[in-house]
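Chain by chain, the residues run as shown.
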Amino acid sequence: MSKSEQLFQQAQKTIPGGVNSPVRAFKSVGGTPVFIDSANGAYLYDVDGKKYIDYIGSWGPMLLGHNHPAIREAVIKAAEKGLSFGAPCPAEITMAETICELVPSMEMVRMVSSGTEATMSAIRLARGFTGRNSILKFEGCYHGHADSLLVKAGSGALTLGVPNSPGVPADFAKYTLTAEFNNLEQVKQIFAEQGADLACIIVEPVAGNMNCIPPAPGFLEGLRALCDQYGAVLIFDEVMTGFRVALGGAQAYYNIKPDLTTLGKIIGGGMPVGAFGGRRDIMQHIAPLGGVYQAGTLSGNPIAMAAGLAALTEIRKPGVYDLLTAKTTQLIEGLAAVAKEVGIPLATTQVGGMFGVFFSNEAQITNYQQATQCDIAAFKRFFHLMLEQGVYLAPSAYEAGFLSIAHSDEDLAYTIAAAKKAFIQLKA
Ligand code: PLP
């Protein structure tokens, strides 16, 4: 038995499912998870001494590669001055100013400790600001695990939300309306019927939790226009896309200005961080300025701020996004080419440093329905064939992939060659 298998058995005795976040358990691909000992650059090293080229990047934050020296040193330096103060510290101001400079729609920002906290707080703020209860989200978009966001569509877009987790009262979920991603007509219809009750739309501007699905041309623009027309708040959940698809996030990439933005992942440089911010007149409703309550023991934590600031200092250097995008294109084009050569139907997507690979005959995947119709069994086999060859992909067909600038040409070439071998085996 490998050390990972032993550890997984041990973990399951005291940790539900052996993991602290469900997808890590490999349930949707089968097998048992690999336990990681260390990470550096583009690589993960497991407890059995095996090396992997990593395409998860801690689910997004590791845009510069693992254990980046500038971030590590900033953390050590900050730690020497204390781990948490529970009082304001200068690094919080630098962080707020940096975020507001790089994401101009954010005129004020509040730091939190996770993406979930960021979206939950942004929605409470949108409700407090508008005095309305209902929110609209999209099928297949994930915004963290706050109660009102763990809701999937009913049979039709206009039906009331039904919770998709036990423990979420139906009474909470009824305020969460859902529509199909990229279906602007459906959103228009919902607004026509219930626009006066809608506090906000929350959307992943590039959907990254049903694989990677870019917005159709005009979709985000349409959401912006509807929010303006009906006085609803437009929230871009950029926890994943922020500083990933472009320096200013998806809003810079597509040139759309949301009212509120949520961030996480990259802005923490690997430490637990989230943030929400946006229009000053809306943000002024947050306590202690306004009545909408929001707080956090470790919010603005000095170590997390130091890590995040070091990460942002590095990634805003000229050329980082061109390099990241070029590497991602190289990978995606390589995978598509070998799939074609072997005769495996494969659709691919890419926005900046984020990508999707779908086992499907469809030329384009645009929504959750289509994403779930892909050949999931083929993905599962592909995942394990790649893992065996030392390539660590997300253990689910519904996750976007992430590159870092630490991935070398050799890493990409190795990955493409490994994929070709895997495709040949899939075909056999
Ligand atoms: N929003 C989006 C778009 C996400 O992808 C995630 C997590 O993956 C979250 C929110 C929740 O963030 P966290 O896991 O830090 O709570």
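Here the structure is a predicted model, which is why all the values come from computation and not from measurement.

**Some points on the confidence of the model for the protein chain**
- Considering every residue of the protein chain, the mean pLDDT works out to 95; 97% of them sit at 70 or more.
- Low confidence marks residues 153–160, where pLDDT is under 50. Its contacts with residues over four positions away, or in another chain, come to 14 contacts.
- Reported for the predicted complex are a pTM of 0.96 and an ipTM of 0.99.

**Regarding the site of the ligand**
- Near the ligand there are 16 residues, and of these Ser114, Gly115, Thr116, Gly144 and Val239 occur at the shortest range.
- For the shell around the ligand, the leading source of residues is helix H4 (residues 115–130), giving 3 residues.
- Taken together, the residues that form the shell around the ligand break down as 4 nonpolar, 10 polar and 2 charged.

**Examining the nonpolar core**
- By size, the foremost hydrophobic cluster in this structure holds 127 residues, and its most contacted members are Ala126, Cys200, Ile201, Val233, Ile235 and Ala275.
- Looking at this core element by element, the count peaks at 10 residues for helix H10 (residues 302–315).
- Taken together, domain 1 (3–67 + 318–427) and domain 2 (69–315) each give at least three residues to this core, which thus spans both.
- Discounting chain neighbours no more than four positions away, the residues touching Cys200 are Ile123, Ala126, Ile135, Ala232, Val233, Leu234 and Ile235.

**A look at the packing of helix H2 (residues 69–79) against H10**
- For the pair H2 and H10, the least separation of the axes is 8 Å and the interaxial angle reads 150°. Between H2 and H10, the angle falls in the class roughly antiparallel. Handedness of the H2/H10 crossing: right-handed. Of the residues in H10, those in contact with Ala70, Ile71, Ala74, Val75, Lys77, Ala78 and Ala79 of H2 are Pro302, Ile303, Ala306, Ala307, Leu309, Ala310, Ala311 and Glu314.
- Looking at the contact of H2 with H10 residue by residue, the class counts come to 13 nonpolar, no polar and 2 charged.

Reading the values: rules and limits
Throughout this document, residue positions are counted from 1 along each chain, in the order its sequence is written. It should be noted that, the model being predicted, local features are given only for residues of pLDDT at least 70 and side-chain atom pairs only at 80 or more, the latter also being counted only at that level, while totals for whole chains, interfaces and linings use all residues. Confidence scores here are pLDDT values: one per residue, from the predictor, ranging 0 to 100. The contact rule is simple: place each C-beta atom from the backbone, and if two of them lie within 7 Å, those residues are in contact. Placing the C-beta atom from the backbone, one calls a residue near a molecule or strand if that atom lies within 6 Å of it. Each helix is a run of DSSP H or I of at least 4 residues and each strand a run of E of at least 2, with the numbering of both proceeding from the N terminus. The residue classification treats Ala, Val, Leu, Ile, Met, Phe, Trp, Tyr, Cys and Pro as nonpolar and Asp, Glu, Lys and Arg as charged. All others, Gly included, are polar. Working definition: the nonpolar core is a set of buried Ala, Val, Leu, Ile, Met, Phe, Trp, Tyr and Cys residues, joined through C-beta atoms within 7 Å. Residue burial is a threshold on neighbouring C-beta atoms within 10 Å of the residue's own C-beta, all placed from the backbone, with 20 or more meaning buried, 12 or fewer meaning exposed, and counts in between meaning partly exposed. Start and end positions for the domains come from either an automated domain assignment or a database one. Note on method: axes are straight lines fitted to C-alpha atoms, helices fitted across the in-contact stretch only, with angles between N-to-C directions ranging 0 to 180 degrees. Angles are sorted into four bins: roughly parallel if under 35 degrees, roughly antiparallel if over 145, roughly perpendicular if 65 to 115, and oblique for all others. Take the far helix as your reference; a near helix turned counterclockwise from it by less than a right angle gives a left-handed crossing, and one turned clockwise gives a right-handed crossing.

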